[in-house]
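Spelled out from the first residue to the last, the chains are:
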Amino acid sequence: MRIEKKWKASYTLEASLLMGPILAVLVFVMEMGFLLHDKAFAKCAAYEMAVCASLQADEKGQHLTEAAGKLIKGRFLGTREAACRVSCDKKNAVSSCSGGFSLPGMIRLFCGESAVTVDAKVTLTAERPSRRIQKIRGMMKIADTVRGKGN
């Protein structure tokens, strides 16, 4: 009977020694997942704001920066001090989202950094929906003429 108790105690000790590294690896994987989510969301938010700015290039775009702030508010998992900037002129719409993702203490040892910058910048050409529709209709007329439907 004494031998069984000795083995049970050794399993408990080995399990307790393994839990520290196992938990550290799990926290590392979760934090890297949060970082990946924040980078993907920053890119998505920058694209969304650039598309909105490119479609509203003729109008005053003052409210776009406010809308960008509302879009990203509370949506990042670990990024702090996130900001989104939008600017638009007659030719291009530029949007960027950035923030700082701070790493927990144990992960800092593996990465060598205390924080990672989450940054995304998108530049799109300004689109005019009416011009796009006119081009499509013109192409449809050309296609109909080639097929012989229109005279």
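Since the structure is predicted, the reported quantities are computational estimates derived from the model, not experimental observations.

Cut-off values and rules
Residues numbered from 1 in each chain as written. Predicted model: local features only at pLDDT ≥ 70, side-chain atom pairs only at ≥ 80, totals over all residues. Heavy atoms only, no water. Helix = DSSP H or I, 4+ residues; strand = E, 2+ residues; numbered from the N terminus. Buried < 20%, exposed > 50% of the residue type's maximum accessible area, 1.4 Å probe, protein only. Contact = heavy atoms within 4.5 Å. Areas by Shrake-Rupley, 256 points an atom, 1.4 Å probe, with all protein chains shown as cover. Expected span 1.5 Å × (residues − 1). Core = buried A, V, L, I, M, F, W, Y, C linked by side-chain atoms within 4.5 Å. Salt bridge = Lys/Arg side-chain N within 4 Å of Asp/Glu carboxyl O. Phe/Tyr/Trp six-rings, centres within 6.5 Å; stacked < 30°, edge-to-face > 60°. Lys, Arg positive; Asp, Glu negative; His and termini not counted. Patch = residues over 30% accessible without salt bridge, like charges linked within 9 Å, V, L, I, M, F, W, Y side chains within 5 Å. Polar contact = N/O pair within 3.5 Å; in protein donor to acceptor, adjacent residues only side chain to side chain. Pairing = 2+ DSSP bridges. Axes fitted to C-alpha atoms, helices over the stretch in contact; angles between N-to-C directions.

1. Some details on the overall build of the protein
Working step 1: When helices and strands are tallied, the protein shows four helices and three strands.
Working step 2: Taken from N to C terminus, the helices and strands of the protein fall in the order α-α-β-β-α-β-α.
Working step 3: Relative to its full complement of 151 residues, the protein shows a buried share of 25%.
Working step 4: Within the protein, residue pairs in contact and separated by at least 24 positions form 59% of the contacts whose partners lie at least 6 positions apart.
Working step 5: Summing over all exposed atoms, the protein offers an accessible surface of approximately 11200 Å²; the carbon and sulfur share of this is 61%.

2. Here we look at helix α4 (residues 129-147)
Working step 1: The first and last C-alpha atoms of α4 sit 27 Å apart over 19 residues, in line with the 27 Å expected at 1.5 Å per residue.
Working step 2: Burial runs low along α4: only zero of the 19 residues are buried.
Working step 3: G148, located one to two residues past α4, shows a positive phi value of around 95°.

3. What to know about the nonpolar core
Side chains of nonpolar character tend, in soluble globular proteins, to be buried together.
Working step 1: Grouped together as the largest cluster of nonpolar side chains are 24 residues, with contacts concentrated most on A42, A45, M49, I72, C84, V86 and C97.
Working step 2: Of all the secondary-structure elements, those providing two or more residues to this core are α1 (2-55), α2 (62-72), β1 (79-88), β2 (92-102) and β3 (115-125).

4. Some words on the pattern of salt bridges
Working step 1: Applying the stated criterion to the full structure yields one salt bridge.
Working step 2: Residues R147 and D144 are paired through a salt bridge, measuring 3.7 Å at the closest nitrogen-oxygen approach. In this pair, R147 and D144 both sit in helix α4, three residues apart, roughly one turn of the helix.

5. Some details on the packing of aromatic side chains
Working step 1: Under the defined criterion, the tally for this structure stands at one aromatic pair.
Working step 2: Taking 5.1 Å as the distance between ring centres and 85° as the angle between the ring planes, the aromatic pair formed by F41 and F76 counts as edge-to-face. Note that F41 is positioned in helix α1 and F76 in the loop between α2 and β1, a separation of 35 residues in sequence.
Working step 3: You can call F41 buried: its relative accessible area is 10%.

6. Let's talk about the side chain of E31
Working step 1: Relative to the assigned elements, E31 resides in helix α1.
Working step 2: The buried charged residue E31 lacks any salt bridge, with R80 as its nearest oppositely charged partner at 8.5 Å.

7. Some points on a nonpolar patch on the surface
Working step 1: Judged by side-chain polarity, L18, M19, I22, L23 and L26 come together as a nonpolar surface patch covering roughly 460 Å² of accessible area.
Working step 2: For L26, the location among the structural elements is in helix α1.
Working step 3: Taking the relative accessible area as the measure of exposure, L26 reaches 48% and is therefore partly exposed.

8. Looking at the side chain of T79
Working step 1: Note that T79 resides in strand β1.
Working step 2: With a relative accessible area of 6%, T79 lands in the buried category.
Working step 3: Separated by 2.7 Å, the side chains of T79 and D38 make a polar contact.
Working step 4: Once residues within four sequence positions are removed from consideration, T79 is found in contact with D38, G99, G100, F101 and V118.

9. Considering the sheet that holds β1
Working step 1: Taken in spatial order, the three strands of this open sheet run β1-β2-β3, and their pairing is antiparallel. Among the strands making up the open sheet, the edge pair consists of β1 and β3. The mean angle between the axes of side-by-side strands here comes to 10°, regardless of whether they run parallel or antiparallel.
Working step 2: Bridge count for β1 against β2 is eight bridges, and the pairing is antiparallel. By the bridge assignment for β2, C84 is matched with C97.

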